[in-house]
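# Descriptive analysis of the structure
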Amino acid sequence: MERTADIAGPQITFLERDDMGPLSLGNFRKNNFSAPWRVDGVKISNITLKWSKPITHARQEIPKAKEGKSSDGYAQWNDSPSLVARRQLREKRREKHAADLVKKDDEAIVKLENVDVEHSKAVDSAVLGKYNLWRKEIENENVDTTVRLMRDQMIMAMVYSSIAKMKNNLVMYQGLQYQLKESQRSLGEATFDAALPHSAREKIKAMGQVLSKAKEQLYDCKLVTGKLRAMLQTADEKVRGLKKQSTFLSQTAAKTIPNAIHCLSMRLTIDYYLLPPEKRKFPKSENLEKPDFYHYALFSDNVLAASVVVNSTIMNAKDPSKHVFHLVTDKLNFGAMNMWFLLNPPGKATIHVENVDEFKWLNSSYCPVLRQLESATMKEFYFKAGHPTKLSSGASNLKYRNPKYLSMLNHLRFYLPEVYPKLDRILFLDDDIVVQKDLTGLWSVDLHGKVNGAVETCGESFHRFDKYLNFSNLHIARNFNPNACGWAYGMNFFDLKVWKKKDITGIYHKWQNMNEGRTLWKLGTLPPGLITFYGLTHPLNKSWHVLGLGYSPSVDRKEIQNAAVIHYNGNMKPWLDISMAKYRSYWTKYVKYDHPYLRNCKFSERR
């Protein structure tokens, strides 16, 4: 834009900012401008005065310096030397300011580039490859573009058919319903385009034509929005219902004994009681109380799981002859457990099986948890009140209704000195673990006067005491730190001499009595374990015990391979059909699938 005005003779041209075109710091680099913009003449604020003919185009070249003008393009003025000096000083300041802006601009660009580079490093290139714009869609075997298009069409068809029915437009309603059924038949169970029939394209085209007519006749923004919102709410409720069903079914599967394991236990039990009494005894019973041997405590009602624990420990031991396994089971599985290890002795190691129901000292007058388990309120909790009768209901707190909490085998870990009064140290193992390395190094670990050696499980914000205990209860809040680190049951090294000295079982009884109404913690053994061994647990190196193989699909493979013990804690036990296939081989490698008993009960490595 150009304007002219006469001011006392000479013609002055006003060049506004818009006439100069786009301005950027790049112009300074190319043209070496010394101000926000520069033209020949005298600069006054953002308006340039040129003592010449009017400029006819804003983009014409700036004339070179001529006679009567200074080398910098300004007209020669008959000013005093002081004015000239001040003008030159101002010009230098402008040039310095422009240079600073250019420098800052370069620094900002470099900083942004560095941020982008770091961000790109954090992105998995394998993931990028899948969504690369230059990658041909046909290279992806699971392209679902057409499937998603059909689903979108079906959603809109349901919306418009509902509106058509509401407005008594039966012709459009019937047409939409027909195309909806055709699309549903064509789509079927397909989740990617390759699974669609050849007729899918024609169905999409036909549906598109009907939807186009429906939009012309029925479209109403408020109605369409309302219908979509109602469909979204219905879908959300359906998802919540399916989640409840999933929780219920997974909990049911977790506490169900597979037919093959039940078959194994029954067959072994029958054969055990057919044996003459003199053949029911294990050899090397003199090793059961030797203090310089490596003693293990294993409490289980699962024959196959117990066999994996024993087999994996022996196979990875440097000197199996000094290892002693103390097994305790219930009366239902006592015969089966004995028969299995009589038929499959653990090499040079020593093994002994006991029946928990024969521990006469373990009664309700001595053991608070046994008294509570026999109470009417506990039976009400398990078998009547709130017990789910439908798949979609009762999903909350289902894990606390697992039968394992009713078994004293689960609580026997708090009575180790009573079960093994002549032992000084013992390594407790759960039956859902696999041993991958020699464990004798644990007997040389200094517990620094603590009772329990265990691997801590807490990170920056999870698996701390406040996850397991009710800190709204004053007894808990006054005695424990909510941020204290939790630790894992499953592989625990216990100093039984210190245990007796500090009366650990008495501490456990005290807190268990206080929790009769389940106001301090829910059911289970970890919360009372955290309380009982509070301040008395020595953290072991994490490589001794890696957890999560029964619930987490993201356990690092290197951690698993380097671990001395891996733990399938969670619902997805390796002997169940719901186990994760990626972790199953670590467990199945210690199962003898060619064993006659396993073949007869139809055990299979692949499920």
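No experiment lies behind these values; they were computed from the predicted model shown. Every chain's residues receive numbers from 1 upward, in the order its sequence appears when written. Thresholds applied to this predicted model are a pLDDT of at least 70 for local features of residues and 80 or more for the giving and counting of side-chain atom pairs; totals over whole chains, interfaces and linings are not thresholded and use all residues. The basis for every side-chain value is the complete set of heavy atoms in the structure, and neither hydrogens nor water enter the calculation.

### Re a nonpolar patch on the surface
Selection criterion: What goes into a patch is any residue over 30% in relative accessible area without a salt bridge, connected to like charges within 9 Å or, for nonpolar side chains (Val, Leu, Ile, Met, Phe, Trp, Tyr), within 5 Å. Note on areas: Shrake-Rupley with a 1.4 Å probe; residue coverage comes only from the protein chains shown. Salt bridge, as used here, is a side-chain nitrogen of Lys or Arg placed within 4 Å of a carboxyl oxygen of Asp or Glu. Helix and strand labels come from DSSP, where a helix needs a run of H or I of at least four residues and a strand needs a run of E of at least two; each type is numbered from the N terminus.
On the surface, Ile155, Met158 and Leu228 cluster together into a nonpolar patch covering about 210 Å² of accessible area. Relative to the helices and strands, methionine 158 is located in helix 4 (residues 145-166).

### Quick word on the sheet that holds strand 9 (residues 433-435)
So the rule is basically this: What makes two strands pair is DSSP finding at least two bridges between them.
Judged by pairing direction, the sheet is mixed, and its three strands sit side by side in the order 9-14-13 without closing on themselves. At either end of the open sheet lies a strand with only one pairing partner, and these are strand 9 and strand 13 (545-546). Pairing between strand 9 and strand 14 (residues 565-567): three bridges, direction antiparallel. Residue valine 435 lies in a different strand from strand 14, and its bridge partner there is valine 565.

### A short note on the nonpolar core
Test applied: Grouping buried Ala, Val, Leu, Ile, Met, Phe, Trp, Tyr and Cys residues that are joined through side-chain atoms within 4.5 Å yields what is termed a nonpolar core. Each residue's exposure class comes from its accessible area (1.4 Å probe, protein chains only) as a fraction of the maximum for that residue type: buried when under 20%, exposed when over 50%, partly exposed otherwise. Contacts are residue-level and defined by heavy atoms, with any inter-residue pair within 4.5 Å sufficient.
Judged by nonpolar contacts, the single largest core of 64 residues is most densely connected at Leu264, Leu327, Leu427, Leu439, Leu442, Trp587 and Phe603. The element that contributes the greatest number of residues to this core is helix 9 (residues 303-315), accounting for eight residues. If near-sequence neighbours (up to four positions away) are discounted, leucine 264 is found in contact with Val303, Leu304, Trp340, Tyr597, Leu598, Cys601 and Phe603. Residues Ala297, Phe359, Val451 and Ala454 belong to the second largest nonpolar core, which totals 45 residues.

### Focus: the pattern of salt bridges
For the structure shown, the criterion picks out eight salt bridges. Here glutamate 182 and arginine 185 are joined by a salt bridge, their closest N and O atoms 2.7 Å apart. Here the residue glutamate 182 and the residue arginine 185 both occupy positions in helix 5 (residues 170-187), the gap between them amounting to three residues, near one helical turn. For glutamate 182, a relative accessible area of 15% puts it in the buried group. Residues arginine 413 and aspartate 430 are paired through a salt bridge, measuring 3.5 Å at the closest nitrogen-oxygen approach. Of this pair, arginine 413 sits in the loop between helix 12 (376-383) and helix 13 (416-419) while aspartate 430 is found in the loop between strand 8 (425-429) and strand 9, placing the two residues 17 residues apart along the sequence. Accessibility expressed as a relative area gives 5% for arginine 413, which makes it buried. Since its relative accessible area comes to 14%, aspartate 430 is described here as buried. Connected through salt bridges with shared partners, the residues Glu182, Arg185 and Lys203 form a single ionic network.

### With respect to helix 5
Threshold: In this scheme, a helix's expected span is set at 1.5 Å multiplied by one less than its residue total. An arc is given here, and it is the one of the directions from the helix axis to the C-beta atoms.
Between the first and last C-alpha of helix 5 there are 25 Å, a value that for 18 residues agrees with the 26 Å anticipated at 1.5 Å per step. What helix 5 keeps buried is the set Met172, Leu176, Gln179, Leu180, Glu182, Ser183, Ser186 and Leu187. Buried residues along helix 5 cover an arc of 165 degrees about the axis, so they all sit on one side. Pointing more than 90 degrees away from the buried face of helix 5 are the exposed residues Leu170, Gln174, Lys181 and Arg185. Summarising the contacts, the buried residues of helix 5 are in contact with helix 4 and helix 6 (200-218). One or two positions beyond helix 5, positive phi appears at glycine 188, with a value near 55 degrees.

### Some details on the pairing of strand 11 (residues 491-495)
For strand 11, a buried count of five out of five residues is recorded, marking the element as mostly surrounded by other parts of the structure. Covered by surrounding structure in strand 11 are Met491, Phe493 and Asp495 together with Asn492 and Phe494, the residues of both alternating faces. Where strand 8 meets strand 11, five bridges bridge the pair, whose relative direction is antiparallel. Across the sheet, the residue bridging to leucine 427 is phenylalanine 493, located in strand 11.

### Regarding the sheet that holds strand 5 (residues 294-299)
Working definition: the strands of a sheet are paired by backbone hydrogen bonds and lie parallel or antiparallel to each other. For the record, the criterion: Note on definitions: angles span 0 to 180 degrees between N-to-C directions of axes, and those axes are lines fitted to C-alpha atoms, for helices only across the stretch in contact.
Ordered by their spatial adjacency, seven strands build an open sheet running 7-6-5-8-11-10-12, and the pairing between neighbours is mixed. The outermost strands of the open sheet, each flanked by one partner alone, are strand 7 (350-355) and strand 12 (537-539). Averaged over neighbouring strand pairs, the angle between their axes works out to 25 degrees when direction is ignored. Bridge count for strand 6 (residues 323-329) against strand 7 is six bridges, and the pairing is parallel. Bridge pairing links leucine 327 to valine 353 in strand 7. Where helix 9 meets the sheet, it contacts strand 5, strand 6, strand 7 and strand 8, and its direction lies at approximately 175 degrees from that of strand 6. Contacts from helix 10 (residues 334-343) reach strand 6 and strand 7 within the one sheet, and its direction differs from that of strand 7 by about 170 degrees.

### Brief notes about the state of the cysteines
Here a disulfide denotes one covalent bond, and it connects the sulfur atoms of two cysteines. So the rule is basically this: Disulfides are defined as pairs of cysteine sulfur atoms found within 2.5 Å of each other.
Counted under the stated rule, the structure contains two disulfides. Each sulfur of the disulfide joining cysteine 263 and cysteine 601 lies 2.1 Å from the other. Its S-S torsion of approximately -75 degrees makes the covalent link between cysteine 263 and cysteine 601 left-handed. Note that cysteine 263 is positioned in helix 8 (residues 259-274) and cysteine 601 in the segment after helix 21 (596-600), a separation of 338 residues in sequence. Here cysteine 458 connects covalently by a disulfide to cysteine 485, the sulfurs 1.8 Å from one another. On the sign convention where negative is left-handed, the bridge of cysteine 458 and cysteine 485, at about -115 degrees about the S-S bond, is left-handed. Of this pair, cysteine 458 sits in the loop between strand 10 (452-454) and helix 14 (465-468) while cysteine 485 sits in the loop between helix 15 (474-479) and strand 11; the two residues are 27 residues apart in sequence, bridging distant segments of the chain. We classify cysteine 458 as buried; its relative accessible area is 16%. Here the cysteine-cysteine linkages of the protein chain are recorded as 1-4, 2-3, numbering only bonded cysteines and doing so in sequence order.

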